[in-house]
Amino acid sequence: SSLRPRAASPDAERAMTSDVYCLLLASLGGFSTSCGYNIVSYAQHASQVHGLELSSVTTTCLAVANLVLSLTGIGIFVLASKFGPLSVAMPIQTASGLLLNMLIQATTGIRSYTKSMRVGTLVVVAAAMCLMDVGPVDPEGDIDVLGLISNATALLWLGFMLTLLPVTLLALRRPQENHHTERTIIFAVLVADSTALGASVGKMITATSGSARSCCLLVYVLMGVGSLFGGLAAARSCDMSFFLPTSQCIQLAVNGLTGIFVWGDGARVQAPMSYLMVYVLVLLGVYLCSEVDLLHVLVQRREQQTARLTTTTVETMTGPLSRPRNTGNVQR
């Protein structure tokens, strides 16, 4: 009789059921968000392959589909966070979205995934899943939101995140020629920053009332608009195989730093060194997904600077001796 399995307690069964709901809903939210990006990306790819130009009606329908799927993903994620902590729901949504993105991009021919890109995506997915075990645990009892966001560190960090938004918008006004990678990173920062700010403001809404809650709702709507339309613009002009891992990496990192600087997660991290190394793995995975070779870029820039310096030095030394002589006809 001692070998018989013990019956699970009602609390344990409820906790297991909540975890299952959190897993399924967060995965579904990631699928919905990824489909929202790729439906626009596939239409752009198909129009380029067949040499056709998308009509205004088609462009509008694609934009509406993108917004609907993105909003659906946000709503499902909010529902998933009710059944489990954000430290569990966010990595699951990230992992499921990246996996579906790779599957859609590879099967539809939007992007040919190389070995390093496949490995990089899987590294990001595996690292994101590790956050559930090494990241911060949810605090017990109610959270004093206003008290947490009133300290100097929290205000400085939130101010920095707000400052990033106009900076990225100004950077996007730069001409697109020969700056595709830079624009993709800027779009990723814009979307990730506005999404992370929206999540923090969403927490503030639950702890405020009156005019303060109205202000928080206004900021929440603005952050949502920035995230949705930034993602739509990125889907039209960026490589999704690089944009999505980059934006998800930045979003995870910003959420982690926001948790430490604003919500006091630093004291609740289960394994600090492992938590740090997970983000290192995420960065390395995104680096594998990109076609950028940082060492090669640095070498090229150094060579360009050396060539420019050499040319300037030669012109300075030989300038007076190399002036062209006046060969015009002399009047007699």
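Here the structure is a predicted model, which means the values were calculated and not measured. (Residues numbered from 1 in each chain as written. Predicted model: local features only at pLDDT ≥ 70, side-chain atom pairs only at ≥ 80, totals over all residues. Heavy atoms only, no water.)

Caption draft 1: Seen up close, helix α8 (residues 210-237). When the terminal C-alpha atoms of α8 are compared, their 41 Å separation across 28 residues agrees well with the 40 Å that a helix rising 1.5 Å per residue should span. Residues Cys216, Met223, Ser227, Leu228, Gly230, Gly231, Leu232, Ala234 and Ala235 constitute the buried set of α8. (Helix = DSSP H or I, 4+ residues; strand = E, 2+ residues; numbered from the N terminus. Expected span 1.5 Å × (residues − 1). Buried < 20%, exposed > 50% of the residue type's maximum accessible area, 1.4 Å probe, protein only.)

Caption draft 2: Expanded view of the side chain of Ser32. As for its placement among the helices and strands, Ser32 is situated in helix α1 (residues 10-49). Classification of Ser32 as buried rests on a relative accessible area of 9%. Sequence-distant contacts of Ser32, defined by excluding residues within four places in its chain, comprise Leu69, Thr72 and Gly73. (Contact = heavy atoms within 4.5 Å.)

Caption draft 3: Just the environment of Leu158, in detail. Secondary-structure assignment places Leu158 in helix α6 (residues 152-171). Given a relative accessible area of 12%, Leu158 falls into the buried group. Distance from Leu158 to Leu197, taken between C-alpha atoms, is 7.9 Å for residues 39 residues apart in sequence. Look past the residues within four positions of Leu158 in its chain and what remains in contact with it is Leu197, Met204 and Val262.

Caption draft 4: Summary view of the packing of aromatic side chains. This structure, assessed with the given rule, holds four aromatic pairs. Taking 5.6 Å as the distance between ring centres and 70° as the angle between the ring planes, the aromatic pair formed by Tyr37 and Phe243 counts as edge-to-face. Linking Tyr37 in helix α1 with Phe243 in helix α9 (residues 240-261), this pair joins segments that are 206 residues apart in sequence. Judged by relative accessible area, Phe243 falls into the buried class, the value being 0%. In this structure an aromatic cluster arises from ring pairing among Trp157, Phe160 and Phe261. (Phe/Tyr/Trp six-rings, centres within 6.5 Å; stacked < 30°, edge-to-face > 60°.)

Caption draft 5: View of the nonpolar core. Core analysis: the largest hydrophobic core is formed by 64 residues, its most contacted members being Tyr37, Met161, Met204, Met240, Phe243 and Val262. Sequence-distant contacts of Tyr37, that is, excluding residues within four places in its chain, are made with Asn66, Val191, Gly231, Ala235, Met240, Phe243 and Leu244. (Core = buried A, V, L, I, M, F, W, Y, C linked by side-chain atoms within 4.5 Å.)

Caption draft 6: Molecular detail of a nonpolar patch on the surface. On the surface, Met273, Leu276, Met277, Val280, Leu281 and Leu284 cluster together into a nonpolar patch covering about 540 Å² of accessible area. Tracing the backbone through its elements, the reader meets Met277 in helix α10 (residues 272-289). (Patch = residues over 30% accessible without salt bridge, like charges linked within 9 Å, V, L, I, M, F, W, Y side chains within 5 Å. Areas by Shrake-Rupley, 256 points an atom, 1.4 Å probe, with all protein chains shown as cover. Salt bridge = Lys/Arg side-chain N within 4 Å of Asp/Glu carboxyl O.)

Caption draft 7: Fine view of the packing of helix α2 (residues 56-83) against α8. The N-to-C vectors of α2 and α8 enclose an angle of 130°; their axes lie 10 Å apart at closest approach. On the basis of the axis angle, α2 is oblique to α8. α2 and α8 meet at a crossing whose hand is right-handed. Counting all contacts with α2, which are made through Thr59, Ala63, Asn66, Leu67, Ser70, Leu71 and Ile74, the residues of α8 involved are Leu228, Phe229, Leu232 and Arg236. Tallied by class, residues from the contact of α2 with α8 come to seven nonpolar, three polar and one charged. (Axes fitted to C-alpha atoms, helices over the stretch in contact; angles between N-to-C directions. Parallel < 35°, antiparallel > 145°, perpendicular 65-115°, else oblique. Left-handed = near helix turned anticlockwise from the far one by under 90°. Nonpolar A, V, L, I, M, F, W, Y, C, P; charged D, E, K, R; others polar.)

Caption draft 8: Just the environment of Gly30, in detail. Its place among the elements puts Gly30 in helix α1. Sequence separation between Gly30 and Ile92 is 62 residues, and the spatial gap between their C-alpha atoms is 7.8 Å.

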